[in-house]
Amino acid sequence: MKILVCVCQTPDTAAKIDFVDNNTQFNANGVTFIMNPTDEWYALVRAIELKKQHGGTVTTITVGGAENEQTIRKGLAIGADDAVRIDTNAADSYGVAAQIAEYARSQNYDLILTGKETIDYNGSSVGGMIAELLDLPYLSGASHLDMPDANTAIAKCEIEGGIETLSAATPLVISSQKGMAEQVIPNMQGIMLSRRKPLTVVAPAAINDLASVKVFEKPAPRSSVKLIDPDNAADLIRLLHEEAKVI
Amino acid sequence: MSVLVYIDHAGGNIKKVSLEALSYATKVAELTGAAGVTALVLGSAADATVAGLGAYGATHVLWANNPLFDNFDSGAFTKAIAEAAAQTGANLVVLSHNSRGKAIAPRLSVRLKAPLIAGAVSLPTLDGSALVVRKSVFSGKAFADCVLAGATNIISLNPNAYSVAKGGGSCSVSAFSPSVSAADFKITTVSVEKQSGDAVPLPEAELVVSAGRGMRGPENWYLVEDLATALGATTACSRPVADVHWRPHHEHVGQTGITIRPNLYIAIGISGAIQHLAGVNNSKVIVVINKDSEAPFFKAADYGIVGDAFEILPKLTEAVKRFKAEHA
Ligand SMILES: Cc1cc2nc3c(=O)[nH]c(=O)nc-3n(C[C@H](O)[C@H](O)[C@H](O)COP(=O)(O)OP(=O)(O)OC[C@H]3O[C@@H](n4cnc5c(N)ncnc54)[C@H](O)[C@@H]3O)c2cc1C
Ligand SMILES: Nc1ncnc2c1ncn2[C@@H]1O[C@H](COP(=O)(O)O)[C@@H](O)[C@H]1O
């Protein structure tokens, strides 16, 4: 089975978020980057488990510059067989998806996994866009994925108020979220091996972006908390009605 | 300008988030002087339900009353919506950023070559002929104002970002027969399991009562549930609480769980770690109840009570019941 896992890097959750150039660019200065959590813990780890079950290969793909290579090596240390980096900074989810689809088109992957969303731009779009570009079925936000054989995917996807169990034949695209696998910390052997695994850099295809960010803005800080005396807890309910107007 | 709204429903029950999307689209049409708002319904529903969309601003409904659409496949739905967009000459397609919307919108964006703002939180403003729409980025730590300048554009609206506006309008309904066949459905629904009982599902809830490790064990959750029931709220929890199975996983909010933005988020015995805040910091009003006055969550709160949840919760529940009785 040939599996492709889309991985990218994002600022660490605890990172301070700031913008430069009149709030049009994210300020990456001094920011620690991590592998996007849903890509790492769910998509990549589950892909490696499925490979153990059915044989085959797990390839990671990243659209971005050389600054992504530490993250990419981490994916190899966790257990991916090889990695592809498409050497361009895409402007939006469409740019990312179109680059990945162009690359994947000729490679006959059985399964393409993405994370549910990036924790920086929160697009939740790349997986669905790849599916449409390659005319494949798409399961969005799977929290479980089983493959009883190499040709059938059975996934659980959360919908509002319930969980659907869905099945589809390969090839297909699935976006992954919590529940699909447990976090794996790369061991020394994995880290040593990763240094010798292939990382192929591919030139980008010519693709135009669709949407663009005009300006970023940070939310106004909440005015300082209004403390209510615990002996008069009922006051809270009055304030929520009269002042905050939420009940 | 013409606006198309995709209406999501479950077995003919229209989702509240789709009424939000329709109300939003109606307002956008008004702001941009659009000719009308077409609502698109796919699958079986009652005549009156479909015709009732006029009250939320639809001037026209296209309805594919075809049982094929009672199964969901993002590819087949995308094909149908794209045909409806072509047929109505839509320059803007609006849908909810709910589970179905997240599966459909990116596909539709590719199919229509239309820029997509996924998870909009505001009405658009006009910049020349382009629309500028705000969305939340960096897990709630910032907003991005994004430009939509396509011939057709797509907005998926965050649940609870715009209130349902019901008026007295009516609409015409016409049959819609997209060229979608059984072969377009490549996904089989094996089973559907209901999760949240009678409460409003968490991603859609306006009022949320959430608790963390401060509750000390699942046997104490009746205190949280009593308050939630009295308020008509949905319950949520922090990650460690779901990890040790005190509460079901679908209640876990935060960076690795779900993101919500209710009107009211009451956090009880939750410290307010950054990864937790990432899932709730866009809530309109945040109330924190914690016995530690130094808990970081107080910095992100509008109202706070420093004290023991075990003493405060029963008092709050009583106060809510009294309030409800007075305002019944
Ligand atoms: C990569 C990563 C991702 C994560 N993702 C998430 C996520 O999605 N969601 C999430 O929630 N967490 C997440 N976490 C964990 C997060 O960092 C915190 O550890 C977690 O949110 C703490 O949960 P808590 O507040 O319930 O527990 P604690 O931090 O143990 O806090 C309990 C609080 O209860 C208060 N308390 C105790 N007794 C009482 C009482 N009787 N009355 C009132 N208050 C009382 C205490 O003062 C304390 O503030 C993540 C962590 C990492 C590293
Ligand atoms: N630059 C990128 N390179 C590779 N994969 C990406 C990139 N950006 C996003 N993805 C994948 O697409 C998923 C959804 O991203 P998004 O649509 O931006 O929220 C992520 O979880 C990744 O799996």
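How each quantity is defined
- Here the residue index of a chain counts from 1 through its sequence in written order.
- A letter from A marks each chain and a number from 1 marks each ligand, given out in the order of writing.
- Since the coordinates come from a predicted model, pLDDT governs what is reported: local features require at least 70, and pairs of side-chain atoms require 80 or more to be given and counted, while whole-chain, interface and lining totals use all residues.
- Calculated side-chain values reflect all of the structure's heavy atoms, with hydrogen atoms and water omitted.
- Two rings from Phe, Tyr or Trp (for Trp, the six-membered ring) form a pair when their centres are within 6.5 Å of each other. A pair whose planes differ by under 30 degrees is stacked, one over 60 is edge-to-face, and the rest are tilted.
- Strands here mean DSSP runs of E at least two residues long; helices mean DSSP runs of H or I at least four residues long; both are numbered from the N terminus.
- Relative accessible area decides the class of each residue, using a 1.4 Å probe on protein chains only: under 20% of the type maximum gives buried, over 50% gives exposed, and in between gives partly exposed.
- By the convention used here, strands pair only if DSSP detects at least 2 bridges between them.
- It only takes one pair of heavy atoms within 4.5 Å for two residues to be counted as in contact.
- Every axis corresponds to a line fitted to the C-alpha atoms, with the helix fit spanning only the stretch in contact, and the corresponding angles, defined between N-to-C directions, vary from 0 to 180 degrees.
- Here a residue counts as near a molecule or strand whenever at least one of its heavy atoms sits within 4 Å of it.
- Counted as a polar contact is a pair of N or O atoms within 3.5 Å, where, for protein atoms, one must be capable of donating a hydrogen and the other of accepting one, and residues adjacent in sequence contribute only when both atoms are in side chains.
- Each accessible area value is a Shrake-Rupley result obtained with a 1.4 Å probe; residue values ignore everything except the protein chains displayed when judging cover.
- Gly is placed with the polar residues, together with every amino acid not listed as nonpolar (Ala, Val, Leu, Ile, Met, Phe, Trp, Tyr, Cys and Pro) or charged (Asp, Glu, Lys and Arg).
- A domain assignment, automatic or from a database, supplies the domain bounds used here.
- By buried area we mean how much accessible surface two parts lose on assembly, using a 1.4 Å probe and totalling the loss over both.
- Salt bridges are identified by distance alone: a Lys or Arg side-chain nitrogen within 4 Å of an Asp or Glu carboxyl oxygen.

Report on the packing of aromatic side chains, specifying residues and quantitative values.
The geometry of two aromatic rings is summed up by the distance between their centres and the angle between their planes. All names here are of chain B. Within this structure, the stated rule accounts for 16 aromatic pairs over all chains. Both rings, one in Y6 and one in F77, keep their centres 6.4 Å apart while their planes meet at 80°; by these two values the pair is edge-to-face. Remark: F77 occurs in helix 3 (residues 74-88) and Y6 occurs in strand 1 (residues 3-7); sequence separation between them is 71 residues. Judged by relative accessible area, which is 3%, F77 ranks as buried.

Quick one: what's the story with the sheet that holds strand 15 (residues 226-227) of chain A, residue by residue and with numbers?
Whenever strands of a sheet pair, they do so through backbone hydrogen bonds, lying parallel or antiparallel. Strand order in the open sheet formed by six strands is 15(A)-18(B)-17(B)-16(B)-14(B)-15(B), with parallel pairing between adjacent strands. The strands lining the two open edges of the sheet, one partner per strand, are strand 15 of chain A together with strand 15 (234-237) of chain B. The pairing of strand 14 (residues 207-211) of chain B with strand 16 (residues 264-268) of chain B spans five bridges and is classified as parallel. Looking at the pairing, S210 of chain B lines up with A267 of chain B of strand 16 of chain B. Docked against the sheet, helix 5 (residues 222-231) of chain B engages strand 14, strand 15 and strand 16 of chain B, running at close to 175° with respect to strand 14 of chain B.

Quick rundown of the site of ligand 1? Include the residues and the values.
Neighbouring ligand 1 are 26 residues, the closest being S238, S271, Q275, H276 and N290 of chain B. Near ligand 1, residues from chains A and B are present, making the site a shared one. Within the backbone of S271 of chain B, a nitrogen or oxygen atom sits 2.7 Å from an oxygen atom of ligand 1. At 2.9 Å from a nitrogen atom of ligand 1 is found a side-chain nitrogen or oxygen belonging to D308 of chain B. Compared with its free state, where it exposes 990 Å², ligand 1 has 79% of that area covered by protein. Mapped by element, the contributors of at least two residues to the shell around ligand 1 are helix 6 (239-243), helix 7 (274-277) and helix 8 (309-326) of chain B. Taken together, the residues that form the shell around ligand 1 break down as seven nonpolar, 14 polar and five charged.

With reference to specific residues and values, describe the domain arrangement of chain B.
Residue and element names in this part refer to chain B. Taken as a whole, chain B is organised into domain 1 (3-184) and domain 2 (202-326). Taken over C-alpha atoms, the centre of domain 1 sits 32 Å from the centre of domain 2. At the junction of the two partners, domain 1 supplies 13 residues and domain 2 supplies 12 residues. Across the domain 1 to domain 2 interface the summed buried area is about 950 Å²; carbon plus sulfur atoms make up 41%. When residues of domain 1 are sorted by the area they lose upon contact with domain 2, K16, S139 and N160 head the list and together hold 48% of the total. Inspection of the region where domain 1 meets domain 2 yields one salt bridge. Here K16 ties to E206 by a salt bridge, and the two come within 3.0 Å at their closest N and O atoms. Taken together, the links from domain 1 to domain 2 amount to six residue pairs in polar contact (both at pLDDT 80 or more). The residue inventory of the side of domain 1 that touches domain 2, partitioned by class, reads five nonpolar, five polar and three charged.

Explain helix 4 (residues 126-134) of chain A to me, using residue names and the numbers behind them.
Residue and element names in this part refer to chain A. In terms of residue burial, helix 4 counts as a mostly covered element, since eight of its nine residues are buried. Those residues of helix 4 not exposed but buried are V126, G127, G128, M129, I130, A131, E132 and L134. Residue D135 follows helix 4 closely and has a positive phi angle near 55°.

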